[in-house]
Amino acid sequence: MKIRYGGDYNPEQWPKQVWEQDYRLFDLAGVDTVTLGVFDWALTQPAPDVYDFSTLDAVVGKAVAEGRRICLATGTGAHPAWLAKAHPEVTRVDFEGRRHRFGQRHNSCPSSPVFRRLSAELARRIAHRYAGTEAITEAIPEAIVAWHVGNEYGGACYCDLCAAGFRAWLRTRYGDLDRLNDAWCTTFWAHTFTDWDEIEPPSALTEHWRGPDHTAFQGITLDYLRFMSDAMLANFVDEKAAIRESDPDTPVTTNFMGMYRPIDYHRWAAHLDFVSWDNYPPDDKSAARMALTHDLMRGLKDGQPFWLMEQTPSFTASRDVNPLKRPGVLRLWSWQAVAHGADAVLFFQLRANRGACEKYHGAVIGHAGRSDTRVFTEVAQLGAELARLGDATLGARTPARVALLFDWDSWWALELSDGPSRLVRYQEVVLAYHRALWDLGADVDVVAVTADLSGYDVVLAPALHMVKDDLAARLESVAERGGTVVTTFLSGRVDSDDNAFLMDVPGPLGGLMGVRVDEWDAREPSIVNPVLLPDGLSVEARLLFELVIPQGAEVVGTYQADWYAGTPAVTRNAFGDGHGWYVAAGLDQAGVSWVVRQVLDRHGLIGPYAEFPDVEVARRVAPDGTPMVFVLNHSGDAVDLPAVATGVDLLTGVRVEHGSPLRLEPGGVLVLAEPRSGP
Amino acid sequence: MKIRYGGDYNPEQWPKQVWEQDYRLFDLAGVDTVTLGVFDWALTQPAPDVYDFSTLDAVVGKAVAEGRRICLATGTGAHPAWLAKAHPEVTRVDFEGRRHRFGQRHNSCPSSPVFRRLSAELARRIAHRYAGTEAITEAIPEAIVAWHVGNEYGGACYCDLCAAGFRAWLRTRYGDLDRLNDAWCTTFWAHTFTDWDEIEPPSALTEHWRGPDHTAFQGITLDYLRFMSDAMLANFVDEKAAIRESDPDTPVTTNFMGMYRPIDYHRWAAHLDFVSWDNYPPDDKSAARMALTHDLMRGLKDGQPFWLMEQTPSFTASRDVNPLKRPGVLRLWSWQAVAHGADAVLFFQLRANRGACEKYHGAVIGHAGRSDTRVFTEVAQLGAELARLGDATLGARTPARVALLFDWDSWWALELSDGPSRLVRYQEVVLAYHRALWDLGADVDVVAVTADLSGYDVVLAPALHMVKDDLAARLESVAERGGTVVTTFLSGRVDSDDNAFLMDVPGPLGGLMGVRVDEWDAREPSIVNPVLLPDGLSVEARLLFELVIPQGAEVVGTYQADWYAGTPAVTRNAFGDGHGWYVAAGLDQAGVSWVVRQVLDRHGLIGPYAEFPDVEVARRVAPDGTPMVFVLNHSGDAVDLPAVATGVDLLTGVRVEHGSPLRLEPGGVLVLAEPRSGP
Amino acid sequence: MKIRYGGDYNPEQWPKQVWEQDYRLFDLAGVDTVTLGVFDWALTQPAPDVYDFSTLDAVVGKAVAEGRRICLATGTGAHPAWLAKAHPEVTRVDFEGRRHRFGQRHNSCPSSPVFRRLSAELARRIAHRYAGTEAITEAIPEAIVAWHVGNEYGGACYCDLCAAGFRAWLRTRYGDLDRLNDAWCTTFWAHTFTDWDEIEPPSALTEHWRGPDHTAFQGITLDYLRFMSDAMLANFVDEKAAIRESDPDTPVTTNFMGMYRPIDYHRWAAHLDFVSWDNYPPDDKSAARMALTHDLMRGLKDGQPFWLMEQTPSFTASRDVNPLKRPGVLRLWSWQAVAHGADAVLFFQLRANRGACEKYHGAVIGHAGRSDTRVFTEVAQLGAELARLGDATLGARTPARVALLFDWDSWWALELSDGPSRLVRYQEVVLAYHRALWDLGADVDVVAVTADLSGYDVVLAPALHMVKDDLAARLESVAERGGTVVTTFLSGRVDSDDNAFLMDVPGPLGGLMGVRVDEWDAREPSIVNPVLLPDGLSVEARLLFELVIPQGAEVVGTYQADWYAGTPAVTRNAFGDGHGWYVAAGLDQAGVSWVVRQVLDRHGLIGPYAEFPDVEVARRVAPDGTPMVFVLNHSGDAVDLPAVATGVDLLTGVRVEHGSPLRLEPGGVLVLAEPRSGP
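Residues numbered from 1 in each chain as written. Chains lettered and ligands numbered in written order. Predicted model: local features only at pLDDT ≥ 70, side-chain atom pairs only at ≥ 80, totals over all residues. Heavy atoms only, no water.

If you look chain A up in an unreviewed UniProt entry, it shows as Beta-galactosidase from Hamadaea flava. Listed under Catalytic activity (unreviewed entry) in UniProt, the entry text for chain A is "Hydrolysis of terminal non-reducing beta-D-galactose residues in beta-D-galactosides." Reading the Sequence similarities (unreviewed entry) entry of the UniProt record for chain A gives the comment "Belongs to the glycosyl hydrolase 42 family." (UniProt positions renumbered as here; feature names shortened; annotations may be inferred.)

What follows is the structure in structure tokens.
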């Protein structure tokens, strides 16, 4: 057992002599796992009544013959052309109201009965053929280590079938129209619905102006986002159930996309046996961002390890500018995934396409089929390193005492909102708070608002716009027992229907925070209001400035400019044995980091390398209890730092004594396993 | 009698216990007038054959019981969902050719017979129930002080019903196709129409490229703008006529939107009993712009006072960034409205919505229902101040000797034009000339090109692209009798069909201006041509540079750069006893202000505080002849200035002697009533 | 015989008294040629069964009576309104999938049978009436010197008729679906087509995202571009054949638009009897760009002289900002056209429109009909100058020893590609290499990749993304025999199906270049990597950086930054008796010019005025063998330079001795005819 290594492989695009070459190169690279059949629907079902497994048989058979493990896809991420021709309703209607015709991928209406029937049937037949007790060979079920359903679920459809699905979903949610009218505030602008059929999907043809974030009725749009997320989940569930008819055990997953707004992964996670995701960061300065995303993905299933299902070894293709990963980055980022909980490190893809839109997407094997490219060489080196590591990290858990709340409903509600500011972006606020933790070396679980918070010393809840159910009470409990809760401007504003709380801002968080917000100012990003923190530290606030009237809270930081100069911008409220911090303005990173540092410091959670910029520390604890510390140097320079524990570097086998000097080259990685303390 | 104070109020969104709270707060705030029922169609007519007045009865009844005056809306600004479902043609087809479905507001096709019938019927029934001799109680008709038809008319529809309406409108305008083909220059690009039915609304599917301002046939698009403005006016007229069946006297209005391009308010004004408008300036530096808009609104009906129907007490919600009005701004801008002719000061809205797209729009009463917010406090202070003022300003008139021409046709023609420059924007040109007047403290009437100009000493006609009917002759009369006319580049270019005059530019204005324009240069905004004015003053010109050959005019300013350096940029032509000034280039504000200062100076029209930046002066004369001077300090600093008249400050009752020192704090307002000179 | 002078003339828009005025002005201006009837379809065929030539008879008759030569249009560039009404399928469906209604121009679906039948019929009837042996008067056929079919072919249609046409075109190209599936890589994303009818035009509703350059299947989109270009060519061919029924001899053309991406003019050129084009450069700094475009147009038909069919005498109208041509520019640019091969210099247009979207487009005669405008004066001066020149340049050829490859397929493939960089634009790369030639005064033929390269010493092939057929071998031949071939980054990437070559980059060019590209980096334009060239010259590279491993080539320039500092950025490979240069990065103009200078220098091709910035030199050789040198001063300053030959300036008749000093004023032009050396 070891960390799985390999990635997407599409030999069906190539003649068989290429397959031979590929597997020789896979041997060189240490590739042990291949993801097969992700877009094979058109090959596997070439006509309505015809299933033809000859290609997939050969592809799967070859992998088994070569001794690889298989992540087998159901292949339903794109439907065949004949299906779109025969059933035009299987394609999507877009936000502009246009029925699409055959093209692209991720192109099926999730509500289409034909799509639902045929996609499940395809999954059923594939599972029956390759994984069931009647599989064509015995070796295949054994080789299959995971099911890959669909692909990167996302987008949206606005067709009449989805409209009908939406109405049914609403009936379930609201029961009757009175409740729905109340939830959506339909008295505003004469929107009272008198019949379910009057309800339309919110789109450019109905409630929206300018685009998907600009709606006349936030409640309708919010519910459509929830519905659409659920509709696609139903597609996943369809296929998983079909697989389970033949294969009751092999874990089933689909590849998520990190912080992907359209799908509420918290609503999905329970249905996946493990989480997997595709990591395509926006640029080469995204180490902290990737850490957040790994933590989010790990948090979806309560800390259970996940798979890094896709990453490019070199460059992407779909962006305006597709920069190359520098030497060492492929390795560094792969280890970062492991540090945050990955049990598999896979690439998209193993061999580059010849044509179409991904022909310039990076791959382990390029168009010339060489093994002496720089990229292939690095892939092979990492393969060897992973082989050396073996099973040490498999199944390990992150021992975090800090929780960061991440909430799709708050994300949606905040960014759909008209006012106070379109420029406040949920991800950016969350990123700043996570960045502070990352800089300070604190392990963190990024969790849903429904998560059990009883094990955490610190809970950060940035931009918690919507407060649902008993969340406020659970946050109060954290503070009562001595913990610290931090929240920010634009939190505690709306209930689960996106209606404003009829109380002082921050709504149900007001007691914990000990403040009320009387009003708020929004300004262009060029306008800065300095905030004075203790010890003369001045930081900058931008975009949003809430005017706070303390209701028991202590004033920590104050605005320095404008007519509200001298009023509170940051407060701390003693609550039970702990505290509630309220950050009323869009502080810069220095300001956010100052707040987080105070909080971590109180709980003794500042990591050992907090003073080393871009040196990342992450901890995991192996199933046998062995603590491991990952140290990664994301900076461009070598760093010299003292060992914080005694142990063995699993990548080199070198033993390290606590306090002894360590040198990490740029891109350097250390995986220090500490001896377990006695039983 | 006093200035009406209050605003939009939507108690139908709330349970009745909230209504009680509201009226107690209204009492505190001095709210005497409520606008009711603006979006109540879905409540009042919940089904095709059902009218249900129970909610509106309660809402209106409560207001009457609480002794308020009512501005009663017909509620047709948004149609109910059942109507869109039953009659899909009641929704609009947009510029892209897409039929919309139910959603948003201002969503009805103005040409739809169903909409026209049902909207008029709703107005008829409401008027009958609340305002007629058979009204449900006698007290209600008395309480109703105005009718509010529809809401913020605007947008456009491109459906087949509108196409048919357009053709009918064209038949009326042109009589026969030969005349139409000639007006539209259809020989160009093979556009000769041989049947009325061949004519399509100009849209993205027909004559337009890139967007609504880019058309292949300016004449078609211009006529469609005129038609659409008229089609919506017909909707207003429908409802007004229905109201008049029960209520022959109460004035009828609808809320305009200031400089709103799609609707030619000059074509509408005669049909309104008084003008009202909604003031949402783009930012907090808009004092001069608001002054222009107030002057424009007042000018629609020959100087008759108007209502400020809506303004926010704090912030808007629909913008990307919604800044807060600073302390004192609510008061200052309210008084500015009064200074320019408002007899009512109303807010949108009195209580904040809980949900949907205006939940973060500012309101007098916020979500927490407090009376101790800063905003509520300021509203209440203004309420008290208005109460103290009483009726002193009601019905007062502005004694302007300057007219500024504002012409929707020129606006449309200029901005639809291909060439010379898309960057020349009508509003910006007009704003610069008005700004010069504002800075110099000259009262101005902003009037239609059809207005009687015989009472003015100065007429400014910036960017008068289209010259219709006898306008050129009337402008010549102004100069002949000793007045001054100022016009600019891109004036006198086209006739009422948007066809170029077959004569030298500036067409029929050439005689008055004493110049001909041989050619013109357009440049990116980064390119500046300095213009040298007398006394060595150098100002900047941008965007458009006409090359002028004097035909009798005196050269006042000359270009300083490019191959036409030394040629005229500003000229003055003696005409009769007066002058015609021609400004051939896009001068900066300093240049425009220099020109306007010369003109005002000649006529003795420079105000007393011209040297005090951002101190606004406006005059009104009460019906009894009492002159009043409003002085408003828009600057951020206190200013000390001498009193320019002897009188009483109506806000404080303090008597002021001519020449005595006055101090105006930032945001300060003075309303100085001068004793009438003897009869 | 002389250079034709005149332009588009639309007297049908005017009453006949204006015609008289026009011809008097034409006399003054030396206008000898008028282009008539370009948009007359609606006049000529006012109803399905009615042809009415009365207007065109008068227009043509007047021109003949006035002794002018006629370029007669078929008038099919815009269809009549009645046609769109009667046959809605004659309008286009746009990229967004929207069926248009009547409007604009260039508005006909090229695949519409009705359009094809009626447009050909119109051409047939016009040719029969005016050009055949049965023409209405004998004088007319004689006056007609060229046929102008349609107008500025371009745009695209995505309707069902085009879909059917596309499928038929694909059947012809690929024969069977297996071949098509292979060419398009349809195994990717489940796109295997099992029936021709499943294929849809690639649009916003099918394969595209974001816009026309963003496609999921480059091969489909590329073929659609080819098909659409061919479909419009078929329209041209239809009309030409119809003309030929009556007129077997008069040359037939249509007006091209220079570097116009949608139409592959190389696929069209053989069908035109001569090339003509419309020159509307983007700004007044476009001298080099225009030179490239003239060279491209001349290269379409192997160096045969072309017509400058349209240029504005002053300004355009369709741009956001339409700057005025400064004094002398009209003349200078007209002579530049002649220098590069024009046998006609024509304007759009002779009299300005009154209305619609071109009313502010510059014209020889403005709205006031004056002959004393600056523009008219310059037009008349040029007319006189051309008259003096006579036939000296007619039919002359450019004696170029340098070829620049220009390839629409590479243009399309490069700009449709996902990855490496959307910021690399084909035109910009080509422009930089041509600019280097232009600066250095080397005559160049801009030719298709299928051109005979055997006569050239130097072949530049910038951004030759697609390498088709035997091109690589033909380029190798150039080097073998001692010539030099230069190519760049992103060359040699794909085959004619847009599939990557399964070999090292630059594919089949690798042998000639002696390099392999291992990988590549793309970066934002703000990121510069300096490239060090010999003699310490440092230039800048941007956007794309290929990492090169020499396979025999000599390293000429190296990167100076990033982790690949010191690796090759420019290489030269000895091949046969010549060289292959490879420029691996997006060099700035200084870098490109350095490379080109080395290459030209080796072949003795640097022009005489290479050190005079913005002084253009171009050579032509008259049919009788007389060499002519055109020298044009595009700089803003007068330049003094030595005569490089002995001869006579054809514009002044002044004799010039080799080596004697010459002075060229800003905008100055010299046409030096050298005496022929003896037979």
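Okay, back to it.
When two helices pack together, their arrangement is given by the angle between the helix axes and the distance between those axes. Residues and elements named next belong to chain B. Two elements in contact, helix H1 (residues 16-29) and helix H3 (residues 54-65), have axes separated by 12 Å at closest approach and are oriented at 25 degrees. Considered as vectors, H1 and H3 are oriented roughly parallel to each other. Note that H1 runs across H3; the crossing there is right-handed. Contacts from Lys 16, Trp 19, Glu 20 and Tyr 23 of H1 reach H3 at Ala 58, Val 59, Lys 62 and Ala 63. Residues belonging to the contact of H1 with H3 are distributed by class as follows: 5 nonpolar, no polar and 3 charged. (Axes fitted to C-alpha atoms, helices over the stretch in contact; angles between N-to-C directions. Helix = DSSP H or I, 4+ residues; strand = E, 2+ residues; numbered from the N terminus. Parallel < 35°, antiparallel > 145°, perpendicular 65-115°, else oblique. Left-handed = near helix turned anticlockwise from the far one by under 90°. Contact = heavy atoms within 4.5 Å. Nonpolar A, V, L, I, M, F, W, Y, C, P; charged D, E, K, R; others polar.)

With that out of the way, let us pick up the interface of chain B and chain A. In this complex, chain B contributes 49 residues to the contact, which on the side of chain A involves 56 residues. In total, chain B and chain A occlude about 4800 Å² of area from one another, counting both sides; carbon and sulfur atoms represent 54% of this. In terms of surface lost to chain A, no three residues of chain B exceed B:Gln104, B:Arg354 and B:Tyr360, which account for 16% of the buried area on that side. Across the contact surface, chain B and chain A share 11 salt bridges. For the salt bridge of B:Arg101 with A:Asp160, the shortest nitrogen-to-oxygen distance reads 3.3 Å. The interface formed by chain B and chain A holds 27 residue pairs in polar contact (both at pLDDT 80 or more) in total. (Buried area = accessible area lost by both parts, 1.4 Å probe. Salt bridge = Lys/Arg side-chain N within 4 Å of Asp/Glu carboxyl O. Polar contact = N/O pair within 3.5 Å; in protein donor to acceptor, adjacent residues only side chain to side chain.)

What follows deals with the sheet that holds strand E24 (residues 647-649) of chain B. Residues and elements named next belong to chain B. Spatially, the 5 strands line up as an open sheet ordered E21-E22-E27-E24-E25, and their pairing is antiparallel. On the outer flanks of this sheet lie strand E21 (615-621) and strand E25 (655-656), each paired with one strand and no other. Two elements, E24 and E25, share 2 bridges in a ladder whose sense is antiparallel. Note that in E25 the partner of Val 648 across the bridge is Arg 655. (Pairing = 2+ DSSP bridges.)

This paragraph deals with the interface of chain A and chain C. Contact with chain A, which involves 49 residues of that partner, is made by 56 residues of chain C. Each partner contributes to the roughly 4800 Å² buried at the junction of chain A and chain C, and carbon and sulfur atoms together form 54% of this total. Of all residues in chain A, A:Gln104, A:Arg354 and A:Tyr360 bury the most surface against chain C, accounting for 16% of the area lost on that side. Run the count over chain A and chain C and you get 11 salt bridges. A salt bridge links C:Glu96 to A:Arg98; its shortest N-O distance comes to 2.4 Å. Applying the counting rule to chain A against chain C returns 27 residue pairs in polar contact (both at pLDDT 80 or more). Breaking the side of chain A that touches chain C down by element, the ones donating at least two residues are helix H2 (41-44), helix H4 (81-86) and helix H13 (374-389) of chain A. Residue classes in the side of chain A that touches chain C are distributed as 22 nonpolar, 11 polar and 16 charged.

This part takes up the packing of aromatic side chains. As enumerated under the stated definition, the model contains 119 aromatic pairs over all chains in all. Note on B:Trp520 and C:Phe315: the rings are 5.3 Å apart at their centroids and 25 degrees apart in plane angle, and the pair reads as stacked. Of this pair, B:Trp520 sits in strand E14 (residues 515-522) while C:Phe315 is found in the loop between strand E8 (306-310) and helix H12 (329-339), placing the two residues in two different chains. Residue classification places B:Trp520 among the buried positions, given a relative accessible area of 9%. The buried category is assigned to C:Phe315, whose relative accessible area is 6%. Plain terms: the ring middles of C:Phe256 and C:Tyr265 are 3.7 Å apart, the flat faces sit at 15 degrees to each other, and that makes the pair stacked. Exposure remark for C:Phe256: the relative accessible area of 2% places this residue in the buried category. Joined through ring pairs, the aromatic side chains of A:Phe95, A:Tyr158, A:Phe166, A:Trp169, A:Tyr174, A:Trp184, A:Phe193, A:Tyr224, A:Phe227 and B:Phe102 make up one cluster. Over the face of the ring belonging to B:Trp520 we find B:Arg493, whose NZ or CZ atom lies 3.9 Å from the ring centre. (Phe/Tyr/Trp six-rings, centres within 6.5 Å; stacked < 30°, edge-to-face > 60°. Buried < 20%, exposed > 50% of the residue type's maximum accessible area, 1.4 Å probe, protein only. Lys NZ or Arg CZ within 6 Å of the ring centre and 35° of its normal.)

Moving on, we come to helix H7 (residues 160-174) of chain C. Its 15 residues place the ends of H7(C) 21 Å apart at the C-alpha level, agreeing with the 21 Å of an ideal helix rising 1.5 Å per residue. Taken residue by residue, H7(C) has C:Cys162, C:Ala163, C:Phe166, C:Arg167, C:Trp169, C:Leu170 and C:Tyr174 as its buried positions. Along the axis of H7(C), the buried positions cluster into a sector of 165 degrees, meaning they face one direction only. Where H7(C) is buried, its residues touch H4 of chain A together with helix H8 (177-183), helix H9 (218-244) and helix H10 (265-268) of chain C. Phi turns positive, to about 80 degrees, at C:Gly175, one or two residues after H7(C). (Expected span 1.5 Å × (residues − 1). Arc of directions from axis to C-beta.)

A separate point is the relation of the copies chain B and chain A. Rotating chain B by 120 degrees about the axis while translating it 0.1 Å along that axis superimposes it on chain A, leaving an RMSD of 0.0 Å. In the structure described here, the two chain copies are related by an operation that fits a three-fold rotation axis. For chain B, the smallest separation between a C-alpha atom and the rotation axis is recorded for B:Arg98, amounting to 5.4 Å. (Least-squares fit on C-alpha atoms with pLDDT ≥ 70 in both.)

Here, UniProt's "domain: Glycoside hydrolase family 42 N-terminal" (unreviewed entry) annotation points to residues 8-388 of chain A. The span residues 8-388 of chain A is 40% helical and 9% strand by assignment, and the distance between its end C-alpha atoms comes to 23 Å.

Now for the UniProt feature "domain: Beta-galactosidase C-terminal" (unreviewed entry) in chain A. Mapped onto the present numbering, the UniProt feature "domain: Beta-galactosidase C-terminal" (unreviewed entry) falls at residues 614-672 of chain A. Each end of residues 614-672 of chain A is marked by a C-alpha atom, and these two atoms are 18 Å apart; helix forms 0% of the span and strand 53%.

Enumeration over the complete set of coordinates arrives at 189 salt bridges over all chains. Note that A:Arg24 and A:Asp27 form a salt bridge whose closest N and O atoms lie 3.0 Å from each other. One end of the pair is A:Arg24 and the other is A:Asp27, both in helix H1 (residues 16-29) and 3 residues apart, which spans about a single turn. Since its relative accessible area comes to 40%, A:Arg24 is described here as partly exposed. A salt bridge links B:Arg124 to B:Glu245; the shortest N-O distance between them is 2.9 Å. With a gap of 121 residues between them, B:Arg124 in helix H5 (residues 113-130) and B:Glu245 in the loop between helix H9 (218-244) and strand E5 (252-253) connect regions that are remote in the sequence.

Residue and element names in this part refer to chain B. Pairing within the open sheet is parallel, and its 9 strands lie in the order E5-E4-E3-E2-E1-E9-E8-E7-E6. If you trace the sheet from one side to the other, it starts and ends with E5 and strand E6 (255-256), each paired once. Pairing analysis gives 4 bridges linking strand E2 (residues 33-36) to strand E3 (residues 69-73), with the strands arranged parallel. Note that in E3 the partner of Thr 35 across the bridge is Cys 71.

Attention now moves to the side chain of A:Asp238. All names here are of chain A. Relative to the helices and strands, Asp 238 resides in helix H9 (residues 218-244). Among the polar contacts made by the side chain of Asp 238, one reaches the side chain of Arg 116 at a distance of 2.9 Å. Ignoring anything within four residues of it in the chain, the contact list for Asp 238 reads Arg 116 and Ala 120.

Attention shifts here to unusual backbone geometry. Residues and elements named next belong to chain C. Note that the residue after Gly 419, namely Pro 420, is joined by a cis bond; omega there is -10 degrees. Tracing the sequence through the fold places Pro 420 in the loop between helix H14 (408-416) and helix H15 (426-440). Even without a glycine there, the phi angle at Asp 535 is positive, about 65 degrees. Position of Asp 535 relative to the elements: it lies in the loop between strand E15 (528-532) and strand E16 (538-550).

What follows deals with H1(A). Note that an α-helix has 3.6 residues per turn; residues three or four places apart therefore point the same way. Residues and elements named next belong to chain A. The terminal C-alpha atoms of H1, which comprises 14 residues, lie 20 Å apart, in line with the 20 Å expected from a rise of 1.5 Å per residue. Against the buried residues of H1 lie strand E1 (4-9), strand E2 (33-36), helix H3 (54-65) and H13. Positive backbone phi, at 75 degrees, marks Gly 30, one or two positions downstream of H1.

Once that is clear, we can look at the pairing of strand E27 (residues 669-673) of chain B. Residue and element names in this part refer to chain B. With respect to burial, E27 is a largely interior element, 5 of its 5 residues being buried. Residue alternation in E27 divides its side chains into two sets, Val 669, Val 671 and Ala 673 and Leu 670 and Leu 672, and both sets are buried. For strand E22 (residues 627-633) and E27, the ladder comprises 5 bridges, and the chain directions are antiparallel. Following the sheet pairing, Met 628 is matched in E27 by Ala 673.

Attention shifts here to the environment of A:Glu96. Relative to the assigned elements, A:Glu96 resides in the loop between H4 and helix H5 (113-130). C-alpha of A:Glu96 to C-alpha of A:Tyr158: the two residues are 62 residues apart in sequence and 8.7 Å apart in space. Sequence-distant contacts of A:Glu96, defined by excluding residues within four places in its chain, comprise A:Ala204, A:Leu205 and B:Arg98.

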